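# Report on the structure
Residue strings, one per chain:
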Amino acid sequence: MVSLHRNLDKIYITMIKVSDTAKTKIIGLMKEEGFDAQNDYVRVGVKSGGCSGLSYELKFDKAMSENDKLFEDNDIKIAVEKKSFLYLAGTILEFSGGLNGKGFVFNNPNANRTCGCGESFSL
């Protein structure tokens, strides 16, 4: 599901939502790795591979490229390369910690099938 928000005279789409637990973990990891959550980006993408055909990419970046789309949710700036855009529309980025936690989890409504580890999917 893609969320629409009204902001005075414009409507914008929330492409990827970031849960509160993911936000907290992202800010902490960015700080540890020399990034600043207020100025830098979480780069989210999709690439071929994994046991289900496509896998998620998640890393930090200080720069945008001309092939990126920029989104922001829960005070986290998210850069998505245009070729990954349709695969990720409506995705919720969460963080699962604890003894059985998986780390970052992508809850993607576009995925028809996901692998057991949750790191790859197919459409």
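All values reported here derive from a predicted model rather than from experimental measurement. Once a new chain begins, its residue numbering starts again from 1 and follows that chain's sequence as written. For a predicted model such as this one, the threshold for reporting local features is a pLDDT of at least 70, and the threshold for listing and counting side-chain atom pairs is 80 or more; totals across whole chains, interfaces and linings nevertheless cover every residue. Remark: hydrogens and water are excluded; side-chain values derive from all non-hydrogen atoms of the structure.

## Brief notes about the pattern of salt bridges
Each salt bridge in this description consists of a side-chain nitrogen of Lys or Arg and a carboxyl oxygen of Asp or Glu lying within 4 Å of one another. Scanning the model with the defined rule gives 6 salt bridges in all. The partner of Asp75 in a salt bridge is Lys23, and the shortest N-O contact between them spans 3.3 Å. Pair noted here: Asp75 is in the loop between β6 (68-73) and β7 (76-81) and Lys23 is in helix α1 (residues 20-32), with a separation of 52 residues, a long-range link. Burial classification: accessible surface area is computed with a 1.4 Å probe over protein chains only, and a residue below 20% of its type maximum counts as buried, one above 50% as exposed, and the rest as partly exposed. For Asp75, a relative accessible area of 52% corresponds to the exposed category. Between Asp68 and Arg43 there is a salt bridge, with its nearest N and O atoms 2.8 Å apart. Of this pair, Asp68 sits in strand β6 while Arg43 is found in strand β4 (residues 41-48), placing the two residues 25 residues apart along the sequence. Pair check on accessibility: Asp68 and Arg43 agree, each one buried. One network of salt bridges, in which partners are shared, links Arg43, Asp61 and Asp68. A run of DSSP states H or I qualifies as a helix once it reaches four residues; a run of E qualifies as a strand once it reaches two. Both are numbered from the N-terminal end.

## Topic: the nonpolar core
Definition used in this section: a nonpolar core is a set of buried Ala, Val, Leu, Ile, Met, Phe, Trp, Tyr and Cys residues joined via side-chain atoms within 4.5 Å. Residues Ile16, Ile26, Ile78 and Leu88 are the most contacted members of the largest nonpolar core, which totals 22 residues. Elements that contribute at least two residues to this core include exactly β3 (16-18), α1, β4, β5 (54-61) and β7. Contacts between residues were defined by any pair of non-hydrogen atoms, one from each residue, lying within 4.5 Å. Not counting chain neighbours up to four residues away, the residues in contact with Leu88 comprise Met15, Ile16, Val44, Gly45, Val46, Tyr56, Val80, Asn108 and Asn110.

## A few points about unusual backbone geometry
With phi around 55°, Asn74 is a residue other than glycine that occupies positive phi space. One can find Asn74 in the loop between β6 and β7. For Asn74, a relative accessible area of 22% corresponds to the partly exposed category. Even without being a glycine, Asp75 presents a positive backbone phi close to 70°.

## Some details on the pairing of β4
Here β4 lies mainly inside the structure; 6 of its 8 residues are buried. Of the strand pairs in this sheet, β4 and β5 are connected by 8 bridges, and their pairing is antiparallel. Within the sheet, the bridge partner assigned to Tyr41 lies in β5 and is Asp61. For two strands to be treated as a pair, DSSP must find no fewer than two bridges joining them. When β4 meets β7, the two strands line up parallel, connected through 3 bridges. Bridge assignment links Val44 to a residue of β7, and that residue is Val80.

## Remarks on the side chain of Ser19
In this structure, Ser19 sits in the loop between β3 and α1. Here Ser19 falls in the buried class, since its relative accessible area comes to 15%. In terms of polar contacts, Ser19 uses its side chain to reach the side chain of Thr21, at 3.1 Å. In this view, Ser19 contacts Asn74, Leu93, Glu94 and Phe95; residues no more than four positions away in its chain are not counted. For this analysis, a polar contact is any N or O atom pair within 3.5 Å, provided that within protein one partner can donate a hydrogen and the other can accept it, and provided that sequence-adjacent residues contribute only side-chain to side-chain pairs.

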